[in-house]
Amino acid sequence: MAMEESRNFVRLPLLIDYMVQKTYHDLIVLSELLPRKSDQERKTSICQFSNRTYQQLFRLRCLVEWACKASTVEKCGEIIMFLDKQASLFVETADSLFAISKDRLKNASFPVFVMPTAVDVVITGSYPRLPQCIKDKIVQNPKLSEGERDETLERLTSLIEQRLVLTKIPHKFKDIELDKGFVKLTVPHEFSVRLTVPNDDFKNPWQLLTLDLHVQRPVEDDPRPVVHPQQLEYIKGLLQSRLFDPDTEPLESLCETAHQFCLLLQMSILEQQAKRMCGTTWKNRIGIVEYIKGNRITVQYWLGKGNVMLIIYLPAGGPLESLKIDHRPSLTQIPGRKPVCLDLAKLSLEQIVTETIEHRSYEILNKVKGRIEQEENIQVISLSHEQLLVHLNKKIQLRFHVDYFMGTVFCTCNYSVTHHELDARVNERSSPLTEALHKVRMRVDLLLIKNALLIHNIKHQLSLQHTRNPPPPKALEGTSALYIKYNHSDYVLAIDLEKVKLRYLLLRVEAAATTADGKHTVLNRVTSCTEVKDIPVLSIVDLDSMEPVDVILKIEKAIVYTNLEQEWKNKGQKCLGVVPQSGNWCLKLLTLPTNHPVLKQLLKDLSVYVYSVSPPVIKYFIEFDTKHELLPADTFGVVDPFYTSGIKLVVDSFSIKWREIHYLFTLLYSFQCLKNESLGRVKKYNFQSITLSYMIGGVENECFLNLRNHKYRLVFYQAKKGRANTHAIIRPHLEQEISTHQSIFKLLYTLHRTANLTSLVWSLPRLSYWGLDKNTSCHTLWQFVPRSANAIRVFYRANAALDLVCYTADSFAVRDVSSLVSSRLARYSPLPLLHKLAEIISKKVDGATVDILVSTVTQTPDQSGRSATGGSQPATPAGFTGNQPPTPGYPATPNYANPTTPGGYPVPSPVATNKPQPSPQQQQSSHSPFVQPNPSPMASNMGAPSPMVMLMSPQTSGQYMPNSPAPVPSPGYIQQPSPSAGPIIGSPTYCRNTGTTQYTGPGSNAGGRMSSVGRSSTLYINRVMLESLMSYSFNPLTIDSPGPTKGLSALENMLAAYHLKGHIARIVGNVGKDKERTLTIRSNEVLCTSLHHETCFYRFSIEPSTLQTISLTVTPTKEGFWNKAMTDTLSTYFAQKIAVHPFKYHVVSSFIRVLGAPKEILQQFVNIMAFELRPDPRLPWKVSWLPMVPPPIHHDFLDNGVTGVVQTKNKTLFFIRLSHDERPSDPVYIPMVYEQTTGITKSPEQLMPNDPMAQKISEHFKLVNSICIDQGNPQGPGTISECILDLLKNLSPWPVPMPGHKK
């Protein structure tokens, strides 16, 4: 027994050890096999191993948990022991009873009972042991073998066959089958019987084995069987009695009896179907006239047509006759159609009635067909019992059909016209159909014409009011005509509808007003009446073969051509006239207004086509010769504009289009005469638009130029590499420039000059963020507004603004216009922006000398109406006149002020004046690859070049100037600062004597202030300097800074740091006087802001060496509170969580509120920050402080995204987030409230209405508070950390314990 128990049980440590060993072995095997597999196979193997191991360990866990429930197993063992004890008691009772019967009751008078049999009866309820005598009487003899059975059946079949030969078989039995031991006789669709003989004595009657009735009603009528099983048994007994009758032939008697019963069933089914039809589908459409049970049923249909009946009856020919059908009146035999007969296989009266109606409908439609065939010009298409299809002409189709329920013939047309006369004439068998068919044809023609006129917006009327004097033409007397008044003309088309073939008359009418009986009436005076086929223009068209709508439109188009020709002649242009072309017409124009000789030579063809007339759609087809030497190779010489308006407007619109073609060709011709493709070339030209191709940075760009509404339109797109064309930023100003100068060469020069500037501005990030300001709306960090073709104003967070101006491709000016932006931030964060930019450039660009020019500003408005202080250009230096000299290298602008020709177009300038002239740079130095600026007197005094181009090393001149893509204007064209403009401040000045750099900045005695009235500052730099400020590729100044700022430009990093510092000062300074100030501004300098707290000083400082980052330093003023871990935590949290890009207003506001909190609460927030920065791996949860209200929180006074720290006199509300590995995408957001009066911390459930964890978290908070009270710990801010620690340790990840988790 002990050995069996040891086999059935396994020790738990042994099982765990085996599981660990097996897992370790599988892992070793997997590590050896993985290097030989592909990447996909490795992933599959790892997933299979993880899944298999997880299942095994999960089963082991379930086994261990089950082992803890051994009490259930013990209870089962006790139950088994109790049952065994009961069984033993039963055995003892049986033994005792047996002993009593043998010993004590041995001499009793009763016989000995058979105890085993009694026990069997009591326990099993059966009696398995029987006496032999009973067995002999009940048990049957053994069955025949298979061979004996087959031999017996074969003998019996032979006897039946001999019996059938000697017996008379009725002719109703169509199918006789001999099978093993019986014969099957079948009457189709009625019944079948199976007979046999009991022995080989022919005197014995037939034995009926089975009877099967084949008379069935349709399943849709009643799925139940026709005859009840008891009735079937009765009929079976009756048929057996007929077989026993020796006075009759047995089979004939059986067949007659069964056949009569089947006839009764069939008539009963038909009678039931007739009643059902009269009460449902065919109600009031058919009726039962007579019903004689088992003999006749008469059904009448088409009740309104007289005695039209269907009779189903049993003929009187003999007892074996079947049901027959008769029709009143009789049906005629139709060739190719089956006669209507009774289908006994599917007995359906509705089908019989339907077939009868179809047959009669075919007869009626066949008669209608004969009557229609007597008419002329009518074609019969098809005839069936359903419809008769007739074509009156190509479009009109008539369909005659007979109503199944009424027997009346109806006609339908494929057009919605009335045809009551035709319906009445068809049902009257002797009436002719000629007049009715003609009326239908006329109505359809009238309907088609009206619909077409409605679509083409052509007015029509059925009568024309004529004047009495002169009378109307005789051709219109007594006719039914349709009158059509054409738009924009005095012609009326009359369509005569009286005859089969339509007749068209073109009338020319004049309005004549008359007054009669005080009423003013407008009548029409017909001045001419001409048949359309007699008009010369329309004589080439076969009007008889056309539809009426096409004829109407054709005539209208001819009228439009005539009016169009007259309109061009009124404008003084010569026309060849309307000529036929390819079965249509076109208007040939001979001249157009232009004074350009080359454009006149290129014009080959000018035709006008009318595509539609209501409204008029007119196409002008212009073809030019594209073989001229000045035209590009890909020139497309076909112009085909469409216009849709009135005739006069179409002519005026095309005149404008031709003027645009003229101006655009003049612009192209002036550029092509230069034969200078250094800046770009004309890639495509189609006389309506010009596609310019130019190279920027080795990438081909394209510019699409055309004219619309007397204005030039530009579209920029890039042909290759899929990047956007950055010149789209200044597109409106470029359009204004080309409209002013009328020069493609100057446009290309401007594109090259502004390429670097627009590329840098385009690269500014335009991603929108939430919460950048006090409002919770979405904004972008950067915005830009083009001020002119070479000046762009950029805004950072709507607080800082810079004007970027380019003079050449490599010389730029930067101007600080932040004072124009209404911002309260400047009060708390004064920033000498240009001076800081100069510092960054001097640190990033080796050997660069950067100067800032301060000049006097004159308050004179520019051409655009803006003041000079707020304009797009930098301040003009004193002594500069502002007059720009002619730009060498530019083509002369065509003189559009020259006297015009009679056509109204200007005479283009001579070609000789458009030749390019060499620039002064090319004349002075032909070997220089870039522009060398002229030295200024300031350069000799400072040891630096002219401020125009400020990226010039003291050792090498022009070190950072890249090669210009093409000759550029002379330096005299650029607004150069003058040496006498004023002192230069804020610039590192190189001293030759000492070799050091001096800097004069704000606050120094050596220079003036940046914000002085009437003075403006401009920073002049070159391309390399500008890229060092605004490039986003890599910023070397932030190589040691935290990660979030490495991808930003130096300019954005500096602006972000300064604005964050300014926002901190603004938030602290905006505290009202009525509120208790826990933080005050101790100092607010350019690079740092210091705040005072009761325990320390907070110093927010910008890194002075790079100006790229901002940091927080905590200086304790009281001992016993701050330690190094707390100050490091606060500084690190500010750098990693608060001062990130882009900083959020409400995040900074929450952080400032935390810094200004009482020291006890401040210490708890520092602990939360430490938990977040350095999470404990032993705890399942991770905590994060949320400076803003998270989205799951819903309340009336809290909006999502606002400041997440709310402080009152007695309470402090803040939010934390808990994340767990088991729910990585579903963190828990918890609001926490600390009450100063009670010193407890709780979680308000009303702020978590939809969170199932709310109640569980509240219970944790109550438990922590109760434990603190029980242990005697003083309540206070320390409960904040206690509650958070309890949540991190003990909070369940699910509100309800999940499967596999312990409670």
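Residues numbered from 1 in each chain as written. Predicted model: local features only at pLDDT ≥ 70, side-chain atom pairs only at ≥ 80, totals over all residues. Heavy atoms only, no water.

Focus: the nonpolar core
As a reminder, the rule being used: We define the nonpolar core as a collection of buried residues of types Ala, Val, Leu, Ile, Met, Phe, Trp, Tyr and Cys that are connected through side-chain atoms lying within 4.5 Å of one another. Using a 1.4 Å probe on the protein chains alone, a residue whose accessible area is under 20% of its type maximum counts as buried, one over 50% counts as exposed, and one in between counts as partly exposed. Secondary structure elements follow DSSP: runs of H or I no shorter than four residues count as helices, runs of E no shorter than two count as strands, and numbering proceeds from the N terminus. By the convention used here, residues are in contact when the closest approach between their heavy atoms is within 4.5 Å.
Residues Tyr620 and Tyr1098 are the most contacted members of the largest nonpolar core, which totals 194 residues. It is helix H15 (residues 647-674) that contributes the most residues to this core, 14 residues altogether. Filtering out sequence-adjacent residues up to four positions away, Tyr620 remains in contact with Leu564, Trp568, Leu589, Ser607, Val608, Val639, Asp640, Pro641, Tyr643, Val650, Val651 and Phe654. With 79 residues, the next largest nonpolar core counts Trp282, Val308, Val353 and Val417 among its residues.

Brief notes about a negative patch on the surface
Operational definition: The residues that make up patches have over 30% relative accessible area and no salt bridge, and they are joined within 9 Å when like-charged or within 5 Å when they are Val, Leu, Ile, Met, Phe, Trp or Tyr. For the area figures, the Shrake-Rupley method with a 1.4 Å probe applies, and any residue is considered shielded solely by the protein chains shown. Only one rule defines a salt bridge in this text: a Lys or Arg side-chain nitrogen within 4 Å of an Asp or Glu carboxyl oxygen. Under the convention used here, Asp and Glu are negative, Lys and Arg are positive, and both His and the chain ends fall outside the count. A charged residue contributes its charge at one atom only: NZ of Lys, CZ of Arg, CG of Asp or CD of Glu.
A cluster of acidic residues, Glu146, Glu148, Asp150, Glu151 and Glu154, forms a negative patch at the surface. Residue position: Glu148 is located in helix H7 (residues 146-165).

Focus on the sheet that holds strand S9 (residues 379-383)
Threshold: A pair of strands is considered paired only if DSSP assigns at least 2 bridges between the two. The convention used is that axes are lines fitted to C-alpha atoms, helices contributing only their stretch in contact, and that angles between N-to-C directions extend from 0 to 180 degrees.
Pairing is antiparallel in the open sheet, where four strands are placed in the order S9-S10-S11-S12. In this open sheet, the two edge strands, each paired with only one partner strand, are S9 and strand S12 (409-413). Taken over all neighbouring pairs, the strand axes of this sheet differ in orientation by 20° on average, direction set aside. Direction of pairing for strand S11 (residues 397-402) relative to S12: antiparallel, over a ladder of five bridges. Residue Val402 lies in a different strand from S12, and its bridge partner there is Val409.

A closer look at the confidence of the model for the protein chain
For clarity, the cut-off: The predictor reports its confidence for every residue as pLDDT, a score running from 0 up to 100.
When pLDDT is averaged across the protein chain, the result is 76; 77% of the residues are at 70 or more. Confidence drops under a pLDDT of 50 for residues 1-7, and excluding neighbours within four residues, the segment shows zero contacts in the predicted structure. When the criterion is pLDDT under 50, residues 856-1015 qualifies, and its contacts beyond four places in sequence or with other chains add up to 273 contacts.

A short note on the side chain of Asn701
Put simply, the rule reads: Definition of a polar contact: a pair of N or O atoms within 3.5 Å, with one able to donate and the other able to accept a hydrogen when the atoms are protein atoms, and with sequence-neighbouring residues admitted only if both atoms are side-chain atoms.
Structurally, the position occupied by Asn701 is in strand S26 (residues 699-708). Using a relative accessible area of 5% as the deciding quantity, one classes Asn701 as buried. Among the polar contacts listed, one links the side chain of Asn701 to the side chain of Asn725, at a separation of 3.5 Å. Non-local contacts of Asn701, meaning those with residues more than four positions away in its chain, are made with Leu692, Ser693, Tyr694, Ile696, Tyr717, Gln718 and Asn725.

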